[in-house]
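Residue strings, one per chain:
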Amino acid sequence: MFDRKLNMDSIFHEKQEGSLCAQHCLNNLLQGEYFTPVDLSSIAHQLDEEERMRMAEGGMGSEEYRTFLQQPSGNMDDSGFFSIQVISNALRVWGLELILFNSREYQSLMINPINEKAFICNYKEHWFTIRKLGQQWFNLNSLLTGPELISDTYLALFLAQLQQEGYSIFVIRGNLPECEAEQILGIMRVQQQQRPRLIGEDEAQTSAGRSAALNQAEMSFGVENEVVDDEEELKRALALSRQDIDVEDEEADLRRAIQLSMQGAVMSNKSSDPEVGNVKSGSAAGGQNEMLTAEELRKRRQAYFDRQQQQVQSNISQQPNTKSENTEMDEQQKPSQ
C-alpha cells in the first residue's frame, strides 16, 4: 500500500528564488530540473538577435534601428524575468505549444478544463504552472511552500478567478515528458490534509512574533526606565531636602548671630568698653561663648542672601515671610554695625 504523504513528495516542486519564476514555472511543468537561468538567457539573446536582424532589414542607418539598439531587451532583464516568447521557445524544444485560454478560437472549442493536461498562468511578470498528475490537478506555484491539490470541481472556478484578477492563462498542448509523480499518482489518488501556505506567510508570522516580543521587551524597558526615573526623582528630592535642611540650619545660625549682635549692642551701650567692634555673648543653644565681628556677621548675612537667591532661581520653595523677616533683621542689625 502506498503512503499518501510519499505520493505528494513525489511531485517535483521548485520554490521561488529571486525573480526566476519563469524557470520555476517550466521546471514544475516538466517535473524536473530541465532549464537553468543560463539556458533561458541563451534563448532570450537568440530572440534579441533575430529581432535586431529584422530591424536591420529596414536600414541600419534608420532612426527606428538606432532607437531599437538603445532600448533594453524585451525578452529578459537583470532581475531574472523572461518573456512569453522565451517560455514558448523553451517549450518548443519538447514539442509543446501554448494556446491562449481566453482566445475566441480556444473558447469556441468548448473544452472542459479538466480534460486538458496543464496550464501556465502569468500576471505582472510572475509565472506559475497548474498541472494534472495522474487523475488530479495541482497548483505548482513556486510562491507556495508545496504543491496544492485542486479538485476537478474547483479547477474551472480557480481559472475563472485568475482571469478576473488579471492573469493571462495559456493551455499546454502536446505530450509532456514522463515523470515519477505521474506514474505514482496514476495508481493511487492523494488527499491533502493541510493546504500549503505562501512562502512569505511563515516568515511574516515569525516576524510578527518577533515584533510582538520586541514590543513587549520595549514595554518592559519602558517600565524599567520609569522605575529608574522615579529613583532619580527620589534622589533629587532627597538632595533638595538636604539642601533645605542646610539652609534652615544656616538660617538658624544667622538668627542666633543676629541675636548675639543685638545682645552685644545692648551690652556695648551699658558698658564703657571702647572696642565697639567686638560682641561678647553666650550661646543659648550650645552653652558656649562665641565672638563675632561686624564684618564676619555681614559676610554671613550676605552669603545667606546669595544662597536664597540661588534657591529661587532653581525653583526651590521658600518660606513666605523670608523677605519681610530679612528686612526686619537688617533694620535690627543696623545699630550693631
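Cut-offs used in this document
- Residues numbered from 1 in each chain as written.
- Predicted model: local features only at pLDDT ≥ 70, side-chain atom pairs only at ≥ 80, totals over all residues.
- Heavy atoms only, no water.
- Helix = DSSP H or I, 4+ residues; strand = E, 2+ residues; numbered from the N terminus.
- Buried < 20%, exposed > 50% of the residue type's maximum accessible area, 1.4 Å probe, protein only.
- Contact = heavy atoms within 4.5 Å.
- Areas by Shrake-Rupley, 256 points an atom, 1.4 Å probe, with all protein chains shown as cover.
- Disulfide = S-S within 2.5 Å.
- Axes fitted to C-alpha atoms, helices over the stretch in contact; angles between N-to-C directions.
- Parallel < 35°, antiparallel > 145°, perpendicular 65-115°, else oblique.
- Left-handed = near helix turned anticlockwise from the far one by under 90°.
- Pairing = 2+ DSSP bridges.
- Polar contact = N/O pair within 3.5 Å; in protein donor to acceptor, adjacent residues only side chain to side chain.
- Expected span 1.5 Å × (residues − 1).
- Arc of directions from axis to C-beta.
- Phe/Tyr/Trp six-rings, centres within 6.5 Å; stacked < 30°, edge-to-face > 60°.
- Salt bridge = Lys/Arg side-chain N within 4 Å of Asp/Glu carboxyl O.

Asker: Teacher, can you tell me more about the overall build of the chain here?
Answerer: From N to C terminus, the chain includes eleven helices and eight strands. Considering the chain as a whole, with its 337 residues, one finds that 34% of them fall into the buried category. Pairs at least 24 apart in sequence give 64% of the contacts found in the chain among residues at least 6 apart. Carbon and sulfur atoms provide 50% of the accessible area of the chain, an area that totals close to 21,400 Å².

Asker: Please clarify how the environment of Leu176 should be interpreted in this entry.
Answerer: Mapped onto the secondary structure, Leu176 falls in the loop between strand E6 (168–173) and helix H8 (180–187). Residue Leu176 is classed as buried on the basis of its relative accessible area of 17%. On a C-alpha basis, the gap between Leu176 and Leu29 in space is 8.3 Å, while along the polypeptide they are 147 residues apart. Aside from chain neighbours lying at most four places away, what touches Leu176 is Leu29, Leu30, Leu96, Lys117, Ala118 and Arg131.

Asker: What is the right way to read the state of the cysteines from this model?
Answerer: As used in these notes, a disulfide is a covalent bond between sulfur atoms, one from each of two cysteines. This structure, assessed with the given rule, holds zero disulfides. The thiol of Cys25 is not disulfide-bonded; the next cysteine sulfur, from Cys21, is found 7.8 Å away. In this structure Cys25 comes out as buried when scored by relative accessible area, which is 1%. A disulfide-free cysteine, Cys121 has its sulfur positioned 8.0 Å from the sulfur of Cys25, the nearest such atom.

Asker: Mind showing me how you'd approach the packing of helix H2 (residues 21–30) against helix H5 (residues 84–92) here?
Answerer: Packed helix pairs are specified by the crossing angle of their axes together with the interaxial distance, meaning the distance between the axes. Where H2 contacts H5, the two axes come as close as 11 Å, and the packing angle between them is 30°. Of the possible angle classes, the one that applies to H2 and H5 is roughly parallel. Handedness of the crossing formed by H2 with H5: right-handed. Between H2, through Ala22, Leu26 and Leu29, and H5, the contact on the second element is made entirely by Ile87, Ala90 and Leu91.

Asker: I tried to follow the sheet that holds strand E5 (residues 148–150) on my own but got confused; where do I start?
Answerer: Each strand in a sheet pairs with its neighbour through backbone hydrogen bonds, running either in the same direction (parallel) or in the opposite one (antiparallel). Spatially, six strands are ordered E1-E6-E2-E3-E4-E5 in an open sheet, and the strand pairing comes out antiparallel. Edge strands, defined here as strands with exactly one partner in the open sheet, are strand E1 (97–100) and E5. Here the strands of the sheet are splayed against their neighbours by 30° on average, with no regard to which way each runs. Taken together, the four bridges between strand E3 (residues 126–133) and strand E4 (residues 136–139) define a ladder with antiparallel strand orientation. Opposite Lys132, over in E4, you have Trp137 as the bridge partner. The strands touched by H5 are E1, strand E2 (118–123), E3 and E6; relative to E1, the strand with the most contacts, the crossing angle is about 135°. In the packing of H8 onto the sheet, contacts are made with E3 and E4, and the angle to E3 comes to roughly 45°.

Asker: Just checking my understanding: could you explain the side chain of Gln23 for this structure?
Answerer: Mapped onto the secondary structure, Gln23 falls in helix H2. Reaching out from Gln23, the side chain makes a polar contact with the side chain of Glu14 at a distance of 3.4 Å. Setting aside chain neighbours within four positions, we find Gln23 in contact with Glu14, Phe35, Thr36, Pro37 and Leu40.

Asker: What is the right way to read the side chain of Ser41 from this model?
Answerer: The topology assignment puts Ser41 in helix H3 (residues 37–56). From its side chain, Ser41 meets the backbone oxygen of Pro37 in a polar contact 2.8 Å long. Once you skip the residues sitting within four places of it in the chain, Ser41 turns out to touch Met76 and Phe82.

Asker: Explain helix H7 (residues 152–164) here, please?
Answerer: Within an α-helix, residues lying three or four positions from one another point in the same direction, as the helix has 3.6 residues per turn. With 13 residues, H7 extends 19 Å from end C-alpha to end C-alpha; this agrees with the ideal 18 Å at 1.5 Å per step. Looking only at H7, the buried set comprises Leu155, Phe158, Leu159 and Leu162. For H7, the angular spread of buried residues about the axis comes to 95°, placing them on one side. Across H7 from its buried face, at more than 90 degrees, point the exposed residues Thr153, Leu157 and Gln164. Immediately downstream of H7, the backbone of Gly166 shows phi near 105°, a positive value.

Asker: Where do I start with the packing of aromatic side chains in this structure?
Answerer: Two measures describe an aromatic ring pair: the distance that separates the ring centres and the angle between the ring planes. Across all of its chains, the model carries eight aromatic pairs by this definition. When the ring of Tyr154 is compared with that of Phe158, the centres are 5.7 Å apart and the planes differ by 20°; the resulting orientation is stacked. Of this pair, Tyr154 and Phe158 are both found in helix H7, four residues apart, which corresponds to roughly one turn of the helix. Taken together through their ring pairs, the aromatic side chains of Phe101, Tyr106, Phe119 and Trp137 make up a single cluster.

Asker: How should I be thinking about unusual backbone geometry in this particular structure?
Answerer: Negative phi is the rule for most residues except glycine; trans is the rule for most peptide bonds. The phi dihedral of Gln31 falls on the positive side, at around 60°, and the residue is not glycine. Tracing the backbone through its elements, the reader meets Gln31 in the loop between H2 and H3. With a phi close to 55°, Met110 is a non-glycine residue in the positive phi region. With respect to the helices and strands, Met110 occurs in the loop between helix H6 (104–107) and E2.

Asker: What exactly am I supposed to notice about the pattern of salt bridges here?
Answerer: With the rule as written, the count across this model stands at three salt bridges. A salt bridge links Glu116 to Arg173; the nearest nitrogen and oxygen atoms lie 3.1 Å apart. Pair noted here: Glu116 is in the loop between H6 and E2 and Arg173 is in strand E6, with a separation of 57 residues, a long-range link. On the basis of relative accessibility, which here comes to 26%, the residue Arg173 falls in the partly exposed class. The partner of Arg131 in a salt bridge is Glu182, and the shortest N-O contact between them spans 3.8 Å. On the criterion of sequence distance, the pair formed by Arg131 in strand E3 and Glu182 in helix H8 is long-range, its members being 51 residues apart.

Purely geometric numbers; function is a separate question.
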